[in-house]
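Remarks on the overall topology
Residue-level listing of the chains:
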Amino acid sequence: MTICLKNANLCDARLWNVKADVLVEDGVITDVGTGLTGDEVIDFDGCTLLPGLIDAHIHMVSGGEDFDDASLKSWAQAGVLAVRDLGLGNGESADRYLDWLRTTVKPENALVVTAGQPVAAWGGYMHRMMGKENGIGVKTPEEAEAAIETQIHKGCQGVKIAMDYDMLDENTPQYTPETVRAIAAKTKELGVWCTAHVQMSKFLRILVENGIPEMAHTVLDPIPEDLLDEMAARDIPICSTLQPINVPRPPLPKEELDRMPPQMRETIAKIEAIDTAQQEKDAVDNIRRFHEKGGTVVMGTDTMRMTQQPGNARIPLRELHLLRQAGLSVQEVIDACTKNAARACGLTDMGSITPGKAACLIAVPGELTEVDALENVRFVMNRGIIIRNEITN
């Protein structure tokens, strides 16, 4: 059966405010043009049709929680049709999680691609969390290569690594440059994506110089111009994650602080003293300068604990507003959420309204003149299945 989405105002990386019809059959876009028809026709006159959005940085599971697909349903209804999970945070291996993810592949859910467990420097950031071995700790290039092969063999679609201080400890172990180069080479050999948690320019330089192809965050201190130039020239994308930097963080209750060891209390005090408003300004400015140099920006939010907080699974307007603040046009913000995010996540069948692509489409009333329009999604088609339709013909 063919479905014709008629008289739509199309907006994607190739077309912007172009009036056309879209023909869908067996979950795939088969034609884009004018004068098309199908077994079922839906008139989108007065509406904008665009690709389903992709959040390229989320965390489905953190802490001692079990699995629940409520957030995947919420994202799909909002128009976010795929998410990339960048690392478990529950101290478990990826096996049970991957088994559960396979049961969530349904039209009513956003699709998840995942890194499973992060591949971490031994004793470094993301290796241990909550007293458990959370990531796969590696000491040598050979161990890193073996960990990557294990994760991909299990069914993970890509690899997450990290260079950072754990709990602000400057003595946190880090990879050697040789290990970073081995990680970059192994993921390239396997044809899978690789992205790095990094929030300081000094670590960013090490990752860039040793071949890591994408950064999972915007770093929080000013990036030197030469490093931005190199990243733009080599087309190393930055996944934005601007929205969590300066969110309100209420102080922990005194009784909870009193239960903590003294070293932990000192760390919490240091965290609370950080000027997150300044960090946000620096991060937004990093994206602005990177974008002006022609760098590729990917939209990601670093939204966490999605099995506990499904209400956060929605259109990430604050992230989109911060990208606009960084100088991206509305079309460039949409590109960051669609074309660029699809490429980063290895979702080659998503990201544009093009024949041969999966029919992952959303619609909003009127023209898409500002990102706030995305809060008013009225139609969602997920791989050819209509899961939301409030379009009045």
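Note: the structure precedes this text.
Structure report, in brief. (Residues numbered from 1 in each chain as written. Predicted model: local features only at pLDDT ≥ 70, side-chain atom pairs only at ≥ 80, totals over all residues. Heavy atoms only, no water.)

1. What about the environment of P316?
Within the secondary structure, P316 is located in the loop between β16 (297-298) and α10 (317-325). Take P316: its relative accessible area is 9%, and that puts it in the buried class. Separated by 238 residues in the primary sequence, P316 and A78 have C-alpha atoms spaced 9.8 Å apart. Those residues in contact with P316 that lie beyond four places of it in its chain are V80, Q243, M299 and T301. (Helix = DSSP H or I, 4+ residues; strand = E, 2+ residues; numbered from the N terminus. Buried < 20%, exposed > 50% of the residue type's maximum accessible area, 1.4 Å probe, protein only. Contact = heavy atoms within 4.5 Å.)

2. Considering the sheet that holds strand β7 (residues 80-85)
Backbone hydrogen bonds hold the strands of a sheet together, and the pairing may be parallel or antiparallel. What the three strands build is an open sheet, ordered β6-β7-β8; its pairing is parallel. Each edge of the sheet is formed by a strand with only one pairing partner; in this case those strands are β6 (53-58) and β8 (111-114). Across the sheet, the mean angle separating the axes of adjacent strands is 20 degrees when strand polarity is ignored. The pairing of β6 with β7 spans four bridges and is parallel. Across the sheet, the residue bridging to I58 is D85, located in β7. Contacts from helix α1 (residues 70-78) reach β6, β7 and β8 within the one sheet, and its direction differs from that of β7 by about 135 degrees. Strands in contact with helix α2 (residues 94-103) are β7 and β8; relative to β8, the strand with the most contacts, it is inclined by about 155 degrees. (Pairing = 2+ DSSP bridges. Axes fitted to C-alpha atoms, helices over the stretch in contact; angles between N-to-C directions.)

3. A short note on a negative patch on the surface
Negative charge collects at one region of the surface, where E25, D26, D39 and E40 lie side by side. Along the polypeptide, D39 turns up in the loop between β3 (28-33) and β4 (40-43). Accessibility expressed as a relative area gives 59% for D39, which makes it exposed. (Patch = residues over 30% accessible without salt bridge, like charges linked within 9 Å, V, L, I, M, F, W, Y side chains within 5 Å. Areas by Shrake-Rupley, 256 points an atom, 1.4 Å probe, with all protein chains shown as cover. Salt bridge = Lys/Arg side-chain N within 4 Å of Asp/Glu carboxyl O. Lys, Arg positive; Asp, Glu negative; His and termini not counted. Charge placed at Lys NZ, Arg CZ, Asp CG, Glu CD.)

4. Observations concerning helix α11 (residues 330-337)
By the criterion of burial, α11 is predominantly enclosed, with six of the eight residues buried. Residues of α11 that are buried: V330, V333, I334, D335, A336 and C337. Elements in contact with the buried residues of α11: β2 (16-25), β5 (47-51), β6, β16, α10 and α12 (339-344).

5. Quick notes on the packing of helix α3 (residues 141-154) against helix α4 (residues 177-190)
In contact at an axis separation of 8 Å, α3 and α4 are set at 30 degrees when each is read in the N-to-C sense. Relative to α4, α3 is oriented roughly parallel. The two elements α3 and α4 cross, and the hand of that crossing is right-handed. Facing P141, A144, E145, I148, E149 and I152 of α3, the residues of α4 in contact are E178, T179, A182, I183, K186, T187 and L190. Among the residues making up the contact of α3 with α4, the classes are represented as seven nonpolar, two polar and four charged. (Parallel < 35°, antiparallel > 145°, perpendicular 65-115°, else oblique. Left-handed = near helix turned anticlockwise from the far one by under 90°. Nonpolar A, V, L, I, M, F, W, Y, C, P; charged D, E, K, R; others polar.)

6. Quick notes on the packing of α10 against α11
Where α10 contacts α11, the two axes come as close as 10 Å, and the packing angle between them is 130 degrees. With respect to each other, α10 and α11 are oriented oblique. Seen along the crossing, α10 lies across α11 with a hand that is right-handed. Contacts between α10 and α11 involve L320, L323 and R324 from the former and V330, V333 and C337 from the latter.

7. Some thoughts on the side chain of D302
For D302, the position within the fold is in the loop between β16 and α10. This buried residue, D302, is left without a salt bridge; K160 holds the nearest opposite charge, at 6.3 Å. At a separation of 3.1 Å, a polar atom in the side chain of D302 contacts the side chain of H59. Discounting chain neighbours no more than four positions away, the residues touching D302 are H57, H59, H217, T241 and P244. (Polar contact = N/O pair within 3.5 Å; in protein donor to acceptor, adjacent residues only side chain to side chain.)

8. Overview of the side chain of T187
Following the sequence through the fold, T187 ends up in helix α4. Judged by relative accessible area, which is 1%, T187 ranks as buried. At 3.1 Å, the side chain of T187 and the backbone oxygen of A184 are in polar contact. Setting aside chain neighbours within four positions, we find T187 in contact with I148, V159, V192 and C194.

So far we have only geometry, and geometry alone does not tell us how the molecule works.
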